[in-house]
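Observations on the three-dimensional arrangement
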Amino acid sequence: MTAVAEIFDAKLQPGKEEIAAQYGNITDLQGFYRLVDPAGEVGIEVYVGTDDSEQLRQLPLSYRAADNLDPHAADNPIVSMQHSVLGQRSVAYGLCDSVAVEQWVRAMMTGQRGAAFSNGITPIFAIRGTGKSPDTHISAVNLDKGTPDYAEGIVNVDGEVKHFELHFRTELTPSEQDEKDTYGLLGVHRDNGEEYVLASLTVK
């Protein structure tokens, strides 16, 4: 069953376009794709759009209530956002948030697909992980490092503690997964129908 991300008809300050430009060099914001936190505490969203050179780019982010900061975060939130429905929100790079990273690792290792949007809008990428084991149990991500496009740390996989490296591609072009990567996150663009490698994951 496809998870559904609840999308609110809300006023945001600062807006997503402003955040995309300042933190992702995205000057024409074209759409989003998402995963869902099963606990409902963390919003997990990736902004997609082009820069001034018309290069397609992406920016993974996470959203939390202002009083629910990640105690295991790899870095501080980047901006505070006022949400007209949910109130004050803290916005962080998605790969600095342990819950968001855990969901990305799970999606890529189990072959999970991206979330549908409750407002009926089609995500800019129809995403799926390349993993073939949907019953793999993923938990307990601890981050050693997090940047706008890279996360490194340990994760519990079926009861075993393993090291992982997760990399999101900042600039996007249609491409094939690198064979050295253990897992990938693939996305089919809603407008041109081409497949992109959005992220790669190694787990050892």
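Look up: the structure comes first, before these words.
Thresholds, definitions, all that
Residues numbered from 1 in each chain as written. Predicted model: local features only at pLDDT ≥ 70, side-chain atom pairs only at ≥ 80, totals over all residues. Heavy atoms only, no water. Helix = DSSP H or I, 4+ residues; strand = E, 2+ residues; numbered from the N terminus. Rg over C-alpha atoms; globule rule 2.2 N^0.38 Å. Contact = heavy atoms within 4.5 Å. Areas by Shrake-Rupley, 256 points an atom, 1.4 Å probe, with all protein chains shown as cover. Lys, Arg positive; Asp, Glu negative; His and termini not counted. Charge placed at Lys NZ, Arg CZ, Asp CG, Glu CD. 1 Å grid on protein atoms, 1.4 Å probe; cavity = no way out; pocket = protein on both sides within 12 Å on 5 of 7 lines; lining within 4 Å. Points joined across faces, edges and corners; volume = space filled by probe spheres on them. Nonpolar A, V, L, I, M, F, W, Y, C, P; charged D, E, K, R; others polar.

Turning our attention to the overall build of the chain. Across its full length, the chain holds two helices and 14 strands. Relative to a compact globule of 204 residues, whose C-alpha radius of gyration would be 17 Å, the chain shows 16 Å and is just as compact. Across its three principal directions, the C-alpha atoms of the chain cover 45 × 40 × 30 Å. In the chain, the share of contacts with a sequence separation of at least 24, taken over all contacts with a separation of at least 6, comes to 57%. Accessible surface computed for the chain: about 9900 Å², of which carbon and sulfur atoms make up 45%. Looking at the chain, you have 16 positive and 31 negative side-chain charges, and the mean spots of the two groups are 3 Å apart.

Time to look at the layout of surface pockets. Regions of empty space are outlined by a rolling probe, equal in size to a water molecule, passed over the atoms. Put simply, the largest pocket is a space of about 510 Å³. Elements with a minimum of two residues in the lining of the largest pocket: β1 (4-5), β3 (28-36), β4 (43-50) and β6 (79-83). Among the elements that take part in the lining of the largest pocket, β3 stands out by supplying three residues, more than any other. Broken down by class, the residue content of the lining of the largest pocket amounts to 13 nonpolar, three polar and six charged. A volume near 170 Å³ is recorded for the second largest pocket. Contributing to the lining of the second largest pocket are Met 1, Thr 2, Ala 3, Val 36, Pro 38, Gln 103, Arg 106, Gln 112 and Arg 113. A breakdown of the residues in the lining of the second largest pocket according to their chemical character gives four nonpolar, three polar and two charged.

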